[in-house]
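Next come the chains, spelled out residue by residue.
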Amino acid sequence: MTLKTISKLVLASTVGLMSQAVLADRADAEANLHKLNLPEGFHIDVYAEVEGARQMALGQSTGTVFVGTRGNNVFAVVDKNKDRKAEKVVNILDDLKVGNGVAMHQGNLYVAEQNRIARYAAPGFDLTLPFKQMREVIYDRLPDKAHHGWRYIAFGPDNKLYVTVGAPCNICNPEGIEASIIRMNADGSEAEIYAKGIRNSVGMDFQPDTGDLYFTDNNVDMMGDDTPPGELNEAPEAGMHFGFPFYAGGKAQHPDWKDKKVPQKVTFPVQEFQAHTASLGLKFYTG
């Protein structure tokens, strides 16, 4: 299989070229693209400039790209003539509370805010629709806490919606659904914790052949420059525990937690990343 870790900071997936605090413009991004190492046969270019871009979802029939942000907005990016250069960026929602997570499913756009998840019917065909009036809140029980309060979402091969729920802290004892990935039906029903012990996952995807969930996890700060590692994890089934807060990242333990009993067997990462590099996503390549 082929894994490609990508950044969600810009639409062109320019990994590490921009910090969260300062968003570069198109010219800045283009000037730095040569620093990226790509596999043979691959090319990278700037597709669109979208303020605060985080997660993206591709419209299933129109090719419109929907872009979530950590602010109030969700944007639609249109490349009508299919020349791989977007002509138009449309602000379709501007009243959200950290409208970070976006996903498309059966023609509907799903948007995960800090505190809730809503569904918007058939957005790709008419970007002038009254989306605020069309909002259908399907789940409103996400922890309404700002620390790690941006949600990432994806539909799995089981047609269920998976949602990352970060721990509201650097390291602490999570409550309820905090520090987990939850899943639910497409209408928001039967929500459950799928995986726990996850400090803050900001990217996930499903292995095309097996359907297994893979996800990144950004781990504990203030333990030194070189520890703990970031993680890539595999969760092929529900109920697994990935260590947090008993493990700060990989098998590294925080002094305040190393003597505390883990409630169940811990699954350690399939791949560790350099400490504090903050892997922001992953995609399986199927081209």
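Our subject is the structure that appears above.
Would you take a moment to explain unusual backbone geometry for this structure?
Trans peptide bonds make up the majority, and among non-glycine residues the majority have a negative phi. Residue Pro 228 follows Thr 227 across a cis peptide bond; omega there is -5 degrees. Relative to the assigned elements, Pro 228 resides in the loop between β15 (213–217) and β16 (230–235). Put simply, Phe 244 and Pro 245 share a cis peptide bond, and its omega is 0 degrees. Inspection of the secondary structure puts Pro 245 in the loop between β17 (240–241) and β18 (271–273). In the Ramachandran plot, Asn 159 falls in the positive-phi region, its phi being about 65 degrees despite a non-glycine side chain. Its place among the elements puts Asn 159 in the loop between β10 (153–155) and β11 (161–165).

Looking at this structure, I do not really get the sheet that holds strand β8 (residues 117–121). What am I missing?
Whenever strands of a sheet pair, they do so through backbone hydrogen bonds, lying parallel or antiparallel. Pairing is antiparallel in the open sheet, where four strands are placed in the order β6-β7-β8-β9. At either end of the open sheet lies a strand with only one pairing partner, and these are β6 (101–105) and β9 (136–139). Each neighbouring strand pair of the sheet contributes to a mean axis angle of 30 degrees, computed without reference to strand direction. Of the pairings in the sheet, the one linking β8 to β9 comprises three bridges and is antiparallel in character. Bridging across to β9, Ala 118 finds its partner in Val 137.

For this particular structure, what's the right way to read the pairing of β15?
For a regular strand, side-chain orientation follows a simple rule: the groups alternate between the two sheet faces. Most of β15 is tucked away, with five of its five residues classed as buried. Burial along β15 is two-sided: Leu 213, Phe 215 and Asp 217 and Tyr 214 and Thr 216, pointing in opposite directions, are all buried. Looking at chain direction, strand β14 (residues 204–206) and β15 are connected through three bridges and run antiparallel. Note on β15: the bridge partner recorded for Asp 205 is Tyr 214. In this structure, the hairpin formed by β14 and β15 is closed by a connection of six residues, where Gly 211 is found at a positive phi of approximately 80 degrees. Pairing between β15 and β16: five bridges, direction antiparallel. When the bridges of β16 are listed, Phe 215 appears paired with Asn 233.

Parameters and conventions
Residues numbered from 1 in each chain as written. Predicted model: local features only at pLDDT ≥ 70, side-chain atom pairs only at ≥ 80, totals over all residues. Heavy atoms only, no water. Helix = DSSP H or I, 4+ residues; strand = E, 2+ residues; numbered from the N terminus. Pairing = 2+ DSSP bridges. Axes fitted to C-alpha atoms, helices over the stretch in contact; angles between N-to-C directions. Buried < 20%, exposed > 50% of the residue type's maximum accessible area, 1.4 Å probe, protein only.

It is worth stressing that arrangement in space is one thing and function is another; only the former is reported here.
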